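# Analysis of the macromolecular model
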Amino acid sequence: PEHDGRAPPAARLCREHVFGFTGAVHGIHFSKGGRCIYAAAALCVVEDVFSDPPAPQLYFEGHNADVTCLSYCVTHDLAISGQRDP
């Protein structure tokens, strides 16, 4: 279909998989269930790295800048993330 450039396109992108992570070693955590939790730019990714076949990743969305801190509490099976004020 033709598009005149004045309106947003009708198609939408859908995230299928995130590759890579921010690079902070202290930003990688493993949950009680063996899931890996890490930051990738403005996303936090939850991935079951041991599942076969691979399970879909889950995402914490809502940051509008790169995630600068990520922590995980084993007792409550709870993760928290933060960013600098943009």
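In case you missed it, the structure is sitting above this.
Our subject in this report is the structure included herewith. Each chain carries its own residue numbering, running from 1 in the direction its sequence is written. Where local features are concerned, this predicted model is filtered to residues with pLDDT of at least 70; where side-chain atom pairs are given and counted, the filter is 80 or more; whole-chain, interface and lining totals use all residues. Think of the side-chain values as coming from all heavy atoms in the structure, minus any hydrogens and water.

It is worth spelling out unusual backbone geometry at this point. The omega torsion across Asp52 and Pro53 is 5°, close enough to zero to call that bond cis. Runs of E in the DSSP output that reach at least two residues are strands. Runs of H or I that reach at least four are helices, and both are numbered from the N terminus. By secondary structure assignment, the location of Pro53 is in the loop between β3 (43-47) and β4 (58-60). In this structure, Ala41 is a non-glycine residue whose phi angle is positive, near 60°. With respect to the helices and strands, Ala41 occurs in the loop between β2 (36-40) and β3. In this structure, Asp77 is a non-glycine residue whose phi angle is positive, near 50°.

On to the nonpolar core, then. Ile37, Ala39, Cys44, Val46, Val67, Leu70 and Tyr72 together form the largest nonpolar core, which totals 7 residues. Every element with two or more residues in this core is listed here: β2, β3 and β5 (67-73). Sorting elements by how many residues they give to this core places β5 first, with 3 residues. It only takes one pair of heavy atoms within 4.5 Å for two residues to be counted as in contact. Leave out the neighbours within four places in its chain, and Tyr72 touches His29, Phe30, Ser31, Lys32, Ile37, Asp77, Leu78 and Ala79. Val18, Tyr38, Ala40 and Val45 belong to the second-largest nonpolar core, a separate cluster that totals 6 residues. The criterion is simple. A nonpolar core is a set of buried Ala, Val, Leu, Ile, Met, Phe, Trp, Tyr and Cys residues joined through side-chain atoms within 4.5 Å. Only protein chains enter the accessibility calculation, which uses a 1.4 Å probe; a residue is then buried when its area is under 20% of its type maximum, exposed when over 50%, and partly exposed in between.

This brings us to the environment of Pro54. Tracing the chain through its elements places Pro54 in the loop between β3 and β4. Judged by relative accessible area, which is 70%, Pro54 ranks as exposed. Considered as a pair, Pro54 and Arg84 are 30 residues apart in the sequence and their alpha carbons are 33 Å apart.

Moving on, we come to the side chain of Gln57. If you trace the backbone, Gln57 turns up in the loop between β3 and β4. On the basis of relative accessible area, Gln57 is assigned to the buried category, the value being 6%. Polar contacts involving the side chain of Gln57 include one to the main-chain amide nitrogen of Val18, which spans 2.7 Å. The definition of a polar contact used here is a pair of N or O atoms within 3.5 Å, where within protein one atom must be able to donate a hydrogen and the other to accept one, and adjacent residues in sequence count solely through side-chain atom pairs. Polar contacts involving the side chain of Gln57 include one to the side chain of Tyr59, which spans 2.9 Å.

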